[in-house]
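Below are the chains, spelled out letter by letter.
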Amino acid sequence: MLKAGGTGTALLLAGTASATGQMRSITMSQSDTVFPKSDRVDTRQVRFTNRYGITLVGNLYLPKDAAGRRLPALAVCGPFGAVKEQSSGLYAQKMAERGFAALAFDASYTGESGGTPRNIASPDINTEDFSAAVDFLGLQGGIDRERIGIIGICGFGGMGLSAAAIDKRVKAVVASTMYDMSRVMSKGYNDSVTPEQRHATLEKLSRQRWDDAMKGSPAYGPPANTLNGGEAQFLVDYHDYYMTPRGYHERAVNSGKSWSQTTPLSFMNFPLLTNIAEIAPRPVMIVHGEKAHSRYFGETAFAAAAQPKELVIVPGASHVDLYDRMDKIPFDRMTEFFRKGLAGARL
């Protein structure tokens, strides 16, 4: 079904890139996803390059009965600070069971994808990562390049909407349990940061750049998702996913690793969702949990998007429930949405 093709795009069946860019031998039967494998899906590791020259590593999930058909395809990424062996891989596998080719990939500077220094993020580069995944999918012989969509999870929900706004090859987009990372980094939760607090943060991060420049490498923040007691419930929920056998993965920033201290700088000056009305007339679906602390991000994005659009509120669900709770994630609704949005896909 698949063939290598195009500059910077190749199919990798037996290996993947480590954080240092070296190759190590691994097969998908030995891979370390946090969710059980499906016997209805074949999985292959792939590498492709974004327009900044960063090599991205992904797992491509294909329905086993795909022979002789040109498949609709989905590029899947997120949550912010997660890796493809966590939620994005689960979403990709479940959509492959429903007849899609689905590519879960690690964002630049994280997981097994390239880029140094490690564990940094950029609203521009991470938006580009989605378009690079579309490049890769559209060059595969068994995929219909006119039927490609995006699923962005958590912080990559905002990045997915941003990518769809500028990349007209994307025919439909789902943002699940989404964050607007530029909004939360610049304004705090529930827009609680004052102008004086923003000024103080920018002053601190700007001076941190002097320290990083003198040292020649970035300073990193505290370990993610460690608890000291008294945290808000949503932080406990993050810990219960990323720091327990439920979802822990050694390569995930969120599993006790750290972002660079200056990662927020570019997000604080880059409003991700300014132009999402331009996704229309291509359809948008926003999925959120009824009880999610982040629900307001999705509702604001939904209000800003133009028709056709759908807002799906999952009863009783928290933010993290939509990472992996099979009784909560509305995969059937997503399948229906993409069947319609990807121009009559036969699933």
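Scroll up to find the structure.
Below: a short report on this structure. (Residues numbered from 1 in each chain as written. Predicted model: local features only at pLDDT ≥ 70, side-chain atom pairs only at ≥ 80, totals over all residues. Heavy atoms only, no water.)

The final tally for this structure, using the stated rule, is 20 salt bridges. Close ionic contact of Glu 85 with Lys 84 constitutes a salt bridge, the shortest N to O distance being 3.0 Å. Both residues of the pair, Glu 85 and Lys 84, belong to the buried class. Between Asp 135 and Arg 169 there is a salt bridge; the shortest N-O distance is 2.6 Å. Within this pair, whereas Asp 135 is found in helix α2 (residues 123-138), its partner Arg 169 is found in the loop between α3 (155-166) and β9 (170-176), the two being separated by 34 residues in sequence. Its relative accessible area of 34% is what places Arg 169 among the partly exposed residues. (Salt bridge = Lys/Arg side-chain N within 4 Å of Asp/Glu carboxyl O. Buried < 20%, exposed > 50% of the residue type's maximum accessible area, 1.4 Å probe, protein only. Helix = DSSP H or I, 4+ residues; strand = E, 2+ residues; numbered from the N terminus.)

On to α3, then. For an α-helix the count is 3.6 residues per turn, leaving residues at separations of three or four pointing the same way. Summarising burial for α3: 11 of the 12 residues are buried, a large majority. Along α3, the residues classified as buried are Gly 155, Phe 156, Gly 157, Gly 158, Met 159, Gly 160, Leu 161, Ser 162, Ala 163, Ala 164 and Ala 165.

A separate point is the environment of Pro 72. Following the sequence through the fold, Pro 72 ends up in strand β6 (residues 71-77). On the basis of relative accessibility, which here comes to 1%, the residue Pro 72 falls in the buried class.

This part covers the packing of α2 against α3. Helices that pack against each other are described as a pair by the angle of their axes relative to one another and the distance between those axes. Between α2 and α3, the least distance of the axes is 8 Å, while the angle of their chain directions is 70°. The orientation of α2 relative to α3 falls into the category roughly perpendicular. Viewed along their axes, α2 and α3 form a crossing whose handedness is right-handed. Together, Pro 123, Asn 126, Thr 127 and Phe 130 of α2 and Phe 156, Met 159, Gly 160, Ser 162, Ala 163 and Ile 166 of α3 make up the contact between the two elements. Of the residues contributing to the contact of α2 with α3, the split by class is six nonpolar, four polar and no charged. (Axes fitted to C-alpha atoms, helices over the stretch in contact; angles between N-to-C directions. Parallel < 35°, antiparallel > 145°, perpendicular 65-115°, else oblique. Left-handed = near helix turned anticlockwise from the far one by under 90°. Contact = heavy atoms within 4.5 Å. Nonpolar A, V, L, I, M, F, W, Y, C, P; charged D, E, K, R; others polar.)

The next thing to look at is empty space enclosed by the protein. This structure, assessed with the given rule, holds one cavity of 30 Å³ or more. The calculated volume of the largest cavity comes to roughly 80 Å³. Around the largest cavity sit 15 residues that line it, and Gly 81, Ala 82, Ala 107, Thr 110 and Phe 156 are the ones nearest its centre. Split into classes, the residues belonging to the lining of the largest cavity amount to 10 nonpolar, five polar and no charged. (1 Å grid on protein atoms, 1.4 Å probe; cavity = no way out; pocket = protein on both sides within 12 Å on 5 of 7 lines; lining within 4 Å. Points joined across faces, edges and corners; volume = space filled by probe spheres on them.)

When you line up the elements, Asp 212 lands in helix α5 (residues 195-215). Considering only alpha carbons, one finds Asp 212 and Thr 262, 50 residues apart in sequence, at a separation of 9.3 Å. Of the polar contacts made by the side chain of Asp 212, one reaches the backbone nitrogen of Ala 219; its length is 3.1 Å. (Polar contact = N/O pair within 3.5 Å; in protein donor to acceptor, adjacent residues only side chain to side chain.)

This paragraph deals with the pairing of strand β8 (residues 143-153). Extensive coverage of β8 is indicated by the burial of nine of its 11 residues. In this structure, β8 lies alongside β9, joined through six bridges in parallel fashion. Bridge pairing in β9 places Ile 148 opposite Val 170. Running through α3, the crossover from β8 to the neighbouring parallel element β9 is right-handed. (Pairing = 2+ DSSP bridges. Right-handed = clockwise from strand over helix to strand, strands pointing away.)

Below, the discussion takes up the side chain of Asp 180. Looking at the secondary structure, you find Asp 180 in the loop between β9 and α4 (181-187). Among buried charged residues, Asp 180 stands out as having no salt bridge; its nearest opposite-charge side chain is Arg 183, 5.5 Å away. Among the polar contacts made by the side chain of Asp 180, one reaches the side chain of Ser 182 at a distance of 2.7 Å. For Asp 180, the residues in contact, after removing those within four places along its chain, are Leu 272, Leu 273 and Phe 297. (Lys, Arg positive; Asp, Glu negative; His and termini not counted.)

Geometry only, nothing functional implied.
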